[in-house]
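# Breakdown of the fold
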Amino acid sequence: MENTNQIPDSRRCKPDKLYKKSLFVDIYERLQSLWNGEFFCDVKLQTDDQKIISAHKVILSAASPYFHAMFTNFAERNHDLVALRQIDHTALLLLVNFIYSGKISVTEENVLILLPTADLLQLQGVKDACCDFLQSQLCPTNCIGIYTIADLHSCTKLKTSSEIYIHQHFLEVVGDNEFLSLSLEQLIKLISSDRLPVSSDEKVFESVISWVKYDLGSRQCVLSQLMQHVRLPLTSKDYILKKVAEEPLIKNCLKCYHYVLEALNTLKSEYHIPQCIQDKPRHGEKVILVVGGIQSELSYNLEWFDTRTYSWHFGPELISNFKKNSLVLMNDNILFVVNGYSSGYSQHYPSLFMLDLSLESLCWQRCADMLVERQTFGVGVINDNIYAVGGWSSTDGHCRSAEVYNYNTQTWHMISNMSTTRSSCAVGVLNDLLYVVGGYDQSRQALDTVECYNPSIGMWSPVANMCERRSGVGVGVLYGELYAVGGDDGSNFLSTVEKYSPKTGVWTTIAYLNFPRKNAEVVALDGFLYVLGGMDKSSNLDYVEFLNPDNNTFTVITAKWNIKWISPGAVAINRPQHFTTC
């Protein structure tokens, strides 16, 4: 007899039908109903004001590592009533409601009680929401308070954002009462920063005097500590004599008056080179600027990278555009593109363009053309001179020649030839000497040789050979040493890195890159060496890694630039006010 319950053969190969339904909404509604009606509740949470919140241990434990530890490892697991000390009842009620509903509203009225409680209960999502809210509320009158809160509760991103905001708005911040309530340690950290956007330290001095006078009895004794960080040589002789020297607090402090005399002696020198922190110029917020090189098309965009938040941002759109270039900076805000070609040119052109980053309307200006048409050459800046070295020319082939552009006369002239022909070489400037590193010669052989040009005598001299041959090498200078990063040895793309110390005259292999690459841009900033872009054997790279010389380790930054750049130029600049994150 035939079995009528048997599944027909035609259906046996089909997978089982899976029934799925999202129950989270229903579950949250039922949990909240149980909580509101206090059904099956097995614990009462009591705050310092003796108010009670009933709940379920298993629900609290599932949502909060704090409660999970409490109800599994400590005596409270056997208690029906648990006292929670120094926890605000309103905040606890909001957070317990969040645990049962999955919803919470962060507002100006509750954020300051929610954040510490969420931190204690280890509710990271709520803590992050509080930090995002506070970051959106940053202004000159609250940024110091928000920084203090972020520091207290280990909110790294918020702490960084608020610190950046304080630096960027220093002149507005020092006029608020929050500034006068800073601790001595906080004030020293602020006024000692190179990142303050001030060209003169007059406002820094005045802010120190205001802070001391706010609580004169307890603060007058630390005035000399603070004056160590006021850079009086960055003010004028007239200001020092009329304002600083005549300030009664300075007159009555022998050590403070000594700083005044030192500053006046420094200002006597017509050609002054900073020797210590008191006369080191402040540079404001530094960022890494990337220009040109977008795939096969020309770009009007530029991007800048914030090394403190690890984020990329678009800068203002340019009036002119460039595809492939060497990028150099002069006098902090004058940017040059060397041998870029713009949309008006169908081939490489021996051109030089200038951009003044201090202007809000960014427009490239054409400067004098180079004397030699070059491609894949090295570029460096010493004082007011731009050097173009080596490369390949359609008329002369691989070059030994070099030339220099004088910014003051706006003219190019040739300098003495190198001993070796070099293309795809890189240049680093160290102690006002021009180092040309690696590249390849006329036979396409990757080079391990290095040469050094001394402008004061107009001569090239050999430097010790690198440990490896490198064409397309990236070069950077950090803490008085020259770094050669990655490149191509003729057979392989390299992840190796080595550095040269002029003191020892020796190249030393250091940490490896996380990924091999050639034609990368290398930028030194804030004690780190950043490696941007370049290419490996299969693709162009859009990520950054940086060297921390303290632990000799390269770290990859996950944030990627907004545009897939190929061979862009990159340089560290003072962040202009019109480079915003909005």
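Here we summarise the structure given alongside this text. Remember, it's a predicted structure, so these values are computed and weren't measured experimentally.

Before going further, it helps to spend a moment on the packing of helix α5 (residues 89–101) against helix α6 (residues 111–121). When two helices pack together, you describe them by how their axes are tilted relative to each other and by the distance separating the axes. The interhelical angle for the contact between α5 and α6, taken along N-to-C directions, is 60°, at an axis separation of 9 Å. Relative to α6, α5 is oriented oblique. As α5 packs across α6, the resulting crossing turns out to be right-handed. Residue-level inspection shows Thr 90, Ala 91, Leu 92, Leu 94 and Leu 95 of α5 in contact with α6, the latter providing Ile 113, Leu 114, Thr 117, Ala 118 and Leu 121. When its residues are assigned to classes, the contact of α5 with α6 shows eight nonpolar, two polar and no charged.

Burial analysis of strand β22 (residues 481–485) places five of its five residues in the buried class, the great majority of the element. Here β22 shows a buried face lined by Glu 481, Tyr 483 and Val 485 and a second buried face lined by Leu 482 and Ala 484. Pairing of strand β21 (residues 474–478) with β22 involves five bridges; the strand directions are antiparallel. Within β22, the position partnered with Gly 476 by the bridge is Tyr 483. Linking β21 to β22, which pair antiparallel, is a turn of two residues; within it Tyr 479 sits at a positive phi near 50°. Bridge count for β22 against strand β23 (residues 497–501) is four bridges, and the pairing is antiparallel. Paired with Val 485 across the bridge in β23 is Val 497.

One number sums up the size of the second largest pocket: a volume of about 1,000 Å³. Around the second largest pocket, the lining comprises 37 residues; the ones closest to its centre are Gln 168, Glu 285, Arg 575, Pro 576 and Gln 577. Among the elements of the structure, α9 (156–168) and β6 (311–314) are those that each provide at least two residues to the lining of the second largest pocket. Per-element tally for the lining of the second largest pocket: the top contributor is α9, with five residues. Here the residues of the lining of the second largest pocket are counted per class, giving 12 nonpolar, 17 polar and eight charged.

Parameters and conventions
Every chain begins its residue count from 1, and numbering advances along the sequence as written. With the structure being a predicted model, the display of local features is reserved for residues of pLDDT at least 70 and the display and counting of side-chain atom pairs for 80 or more, all residues being used for whole-chain, interface and lining totals. Side-chain descriptors were evaluated using all non-hydrogen atoms of the structure, hydrogens and water having been removed beforehand. For helices, the axis comes from a line fit to the C-alpha atoms of the stretch in contact; other axes are also lines fit to C-alpha atoms, and the angle between any two N-to-C directions lies between 0 and 180 degrees. Note on conventions: DSSP H or I runs of at least 4 residues are helices, E runs of at least 2 residues are strands, and numbering of each starts at the N terminus. Working definition: roughly parallel below 35 degrees, roughly antiparallel above 145 degrees, roughly perpendicular at 65 to 115 degrees, and oblique for all remaining angles. Take the far helix as the reference: if the near one is turned anticlockwise from it by less than a right angle, the crossing is left-handed, and if turned clockwise, right-handed. The criterion used for residue contact is that any of the two residues' heavy atoms lie within 4.5 Å. Gly counts as polar in this scheme, as do all residues outside two lists: the nonpolar Ala, Val, Leu, Ile, Met, Phe, Trp, Tyr, Cys and Pro, and the charged Asp, Glu, Lys and Arg. Residue burial is assigned from relative accessible area. The probe radius is 1.4 Å, only protein chains are included, and a residue is buried under 20% of its type maximum, exposed over 50%, and partly exposed in between. One bridge is not enough; two strands pair if DSSP finds at least two bridges between them. A pocket here means an open set of points on a 1 Å grid, computed over the protein atoms alone, that has protein on both sides within 12 Å along at least five of seven lines. A cavity is instead a set of points where a 1.4 Å probe fits but cannot get out; residues with an atom within 4 Å of a point line either one. Grid points are joined across faces, edges and corners, and a volume is the space filled by probe spheres set on the points.

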